[in-house]
Amino acid sequence: MRLTGSRQPKDVDGTIKPNTFRGELYAFEVDDARPESAGGWRGMSGAGVFCEDILVAVATLAAEGWRSGVLMVTPVARLLQAPGFVAALTKETGLAPRLQPADLSILLEDAPDPHLSSSYLLSPRAEVVPFAGQEHHLEALEEWCQGPRAIDIACITGGGGSGKTRLATELLSRLCNPSDVAAKVRPWTGGFLAYNPLRPYFTLLATSIRPLLVVVDYAEARRGQLDALLSQLGARHRGGEKVRVLLARSAGTWWRRVRRDHLEGAAESAVHRELAPRLEAPDVELTRASEAFANRIALLQSARVDHGWQPLAPESTALSSVPLQAPSDSMVDVHLTALAGVLSTPDTATGVWKRPVDVLIEHEQRYWQRVAQDRGLDGLFAKEEGLLPMLVALQRISGARTEKEARAAVAAGLEVHHRHTTPTAAALAENAAIETMLAALYPAPPGSSARWGAMTPDVLRLSSSQRSTAIPRTPSWSTCCPTPDSAKPSAVTA
């Protein structure tokens, strides 16, 4: 555990041991240097207590005695139950806080960190556009969660961009932050299972002290991990809290096999929700999404996130002779179009809008340039035209799990980029700096053992990759950085 002071520049290491809950507080036992008396802790009130970068409590008071070695801290669960706390935090950040067991941070991915880029704003897990239009699916899944089985599995399927991840995210939000506080509905906990967990101790999921929902995205490509998860859950669960495993992606024979192998006596009645490929009212959704994107951008700007960010045409008042219209009625295309409309204006001469994906990729590339500039690498990429998009594409392909693998990927990327020439000395010398820049650009989510993350959503990533030069499988690339079998699938699966 780590306690970080908000008014005093002091980090304190310590431990919250099991069964130290006293009234409404936990006892934080300090491991390292401590003041001579309890009065020496002045200024630490309100400091956050973190476990694996997850906020678990807030410092409240110093316990008398104990040689100033025990602090009483208020658990986050208590804060979430305080009237108005969740609403106030959601208003300031745009995201509802979610209760997640600190010990499960080695298995579950956290939501993406906010930044002003197309990839973040379009991420369904960022919850930028309020949930709507699939209430019947949500109600069915909430009913499934409250069912009598101790462990149960359900599946949501649909084409790419139909809203599967957004539906799962909304289900988590509503279970973890029940709206009916007066009825004292018990909050759930949970999250998305990491593709490469820090430690695959799936038995931890069977010991949760709250009802638990685990979402497995791209489930059809993770059969080995899924079998291990469900087998360990079945073997270790001893009638404690309910555990629900929600699988998301395309339907197929894999879902029939999962039901057969892991749902004894209930395979035929297993919950399966198929999402419609098209929105019923795309024009309404376009307007609603445009407002949501504009509001989130304003919120992030007011919080001084990405200080160098500017829309493509912030001062333009050009009028369009062609209405803003999505290329299809799918949710992802409507949201792509809405965000592009917020970030740009039509051509001043023709009144025609640019292709939405072109606008968003241009914004994403400007995000890359801001990160490179912050790390002093903008001069290198200005001289090495095309190198940065190449490296972003390789970041996704490599699936680097360690810093060593990531640096090998950078070296291989430089070789590919200079396949007809010798890499410049400056580029070779900046290998480590380039690698850490890519790690900052798209970091691996907390809970994952991977070194790098990758750009999302799929449609934006694939369009960006298509703009990059084709990547040949050179001997150096194939040897130094083979694609791991467990990497997240890189293609859109219908």
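Residues numbered from 1 in each chain as written. Predicted model: local features only at pLDDT ≥ 70, side-chain atom pairs only at ≥ 80, totals over all residues. Heavy atoms only, no water.

Asker: Please explain the environment of Glu 274 as it appears in this structure.
Answerer: Structurally, Glu 274 is set in strand β13 (residues 271–274). Leaving out residues up to four positions away in the same chain, Glu 274 has contacts with His 137, Thr 157 and Gly 158. At a separation of 2.2 Å, a polar atom in the side chain of Glu 274 contacts the side chain of Thr 157. (Helix = DSSP H or I, 4+ residues; strand = E, 2+ residues; numbered from the N terminus. Contact = heavy atoms within 4.5 Å. Polar contact = N/O pair within 3.5 Å; in protein donor to acceptor, adjacent residues only side chain to side chain.)

Asker: How should the pairing of strand β4 (residues 25–30) be read in this particular structure?
Answerer: On a regular strand, one side chain projects to one face of the sheet and the next to the other, so that they alternate. As paired strands, strand β2 (residues 11–15) and β4 are joined by 2 bridges and run antiparallel to one another. What sits directly across from Gly 14, in β4, is Val 30. Two elements, β4 and strand β7 (residues 70–75), share 4 bridges in a ladder whose sense is antiparallel. Looking at the pairing, Glu 29 lines up with Val 70 of β7. (Pairing = 2+ DSSP bridges.)

Asker: How should the confidence of the model for the chain be read in this particular structure?
Answerer: Low-pLDDT portions of the prediction should not be read for the details of their coordinates. Residues at a pLDDT of 70 or more form 80% of the chain, whose mean pLDDT is 79. pLDDT under 50 marks residues 313–321. Its contacts with residues more than four places away, or in other chains, come to 12 contacts. Low pLDDT, under 50, characterises residues 481–494; the predicted model gives this stretch 39 contacts beyond four residues in sequence or across chains. (pLDDT = per-residue confidence, 0-100.)

Asker: When you look at helix α15 (residues 431–441) in this model, what are you seeing that I'm missing?
Answerer: Those residues of α15 lying buried are Asn 431, Ile 434, Glu 435, Met 437, Leu 438, Ala 439 and Leu 441. Close packing links the buried residues of α15 with α10 (356–374), α11 (378–383), α12 (387–398), α13 (403–417) and α14 (425–429). (Buried < 20%, exposed > 50% of the residue type's maximum accessible area, 1.4 Å probe, protein only.)

Asker: I keep staring at the packing of aromatic side chains and nothing clicks. Help me out?
Answerer: To describe a pair of aromatic rings, you give the distance between the ring centres and the angle between the ring planes. Here the structure, examined in full by the defined rule, presents 3 aromatic pairs. Residues Tyr 367 and Tyr 442 carry aromatic rings whose centres are separated by 6.2 Å and whose planes lie at 65 degrees to one another, so their mutual orientation is edge-to-face. You can see Tyr 367 sitting in helix α10 and its partner Tyr 442 sitting in the loop between α15 and α16 (458–467), a full 75 residues away along the chain. Judged on exposure class, the residue Tyr 367 and its partner Tyr 442 are both buried. It is Arg 222 that lies over the ring of Tyr 195; its NZ or CZ is 4.2 Å from the centre. (Phe/Tyr/Trp six-rings, centres within 6.5 Å; stacked < 30°, edge-to-face > 60°. Lys NZ or Arg CZ within 6 Å of the ring centre and 35° of its normal.)

Asker: How should the side chain of Thr 169 be read in this particular structure?
Answerer: Tracing the backbone through its elements, the reader meets Thr 169 in helix α5 (residues 164–176). What makes Thr 169 buried here is its relative accessible area of 1%. If we ignore the near neighbours within four places in the chain, the residues touching Thr 169 are Arg 98, Pro 124, Arg 125, Glu 127 and Phe 192.

Asker: Just checking my understanding: could you explain the pairing of β7 for this structure?
Answerer: Burial within β7 is extensive, with 6 of its 6 residues counted as buried. As judged from the 5 bridges shared by strand β6 (residues 54–62) and β7, these two strands associate in the antiparallel manner. In the sheet register, Ala 57 faces β7, and the bridge partner there is Pro 75.

Asker: Looking at this structure, I do not really get α10. What am I missing?
Answerer: Between its terminal C-alpha atoms α10 stretches 28 Å, which fits the 27 Å expected from 19 residues at 1.5 Å a residue. Count one or two residues on from α10 and you reach Gly 376, which has phi positive near 70 degrees. (Expected span 1.5 Å × (residues − 1).)

Asker: I'm lost on the environment of Glu 109 in this one. Help?
Answerer: Assignment of secondary structure puts Glu 109 in strand β8 (residues 108–109). As for Glu 109 and Ala 444, which are separated by 335 residues in sequence, their C-alpha atoms are 8.9 Å apart. Not counting chain neighbours up to four residues away, the residues in contact with Glu 109 comprise Gln 100, Arg 125, Phe 192, Leu 193, Ala 194, Tyr 195, Pro 445 and Pro 446.

Asker: Help me understand the sheet that holds strand β9 (residues 151–157), please; the structure alone is not making it clear to me.
Answerer: Sheet strands associate in pairs through backbone hydrogen bonding, adopting either a parallel or an antiparallel arrangement. Read across the open sheet, the 6 strands follow the order β8-β10-β11-β12-β9-β13; overall the sheet is mixed. The sheet is open, and its two edges are formed by β8 and β13, each paired on a single side. Two strands pair when backbone bridges link them, and β8 and strand β10 (residues 189–193) are joined in this way by 2 bridges, in the antiparallel orientation. Across the sheet, residue Glu 109 finds its bridge partner in β10, namely Phe 192. Packed onto the sheet, helix α4 (residues 135–145) meets β9, β11 (212–217), β12 (243–249) and β13 and runs at close to 165 degrees relative to β13. On top of the sheet, helix α7 (residues 253–262) reaches β9, β12 and β13; it is set at about 170 degrees to β9, its chief contact. (Axes fitted to C-alpha atoms, helices over the stretch in contact; angles between N-to-C directions.)

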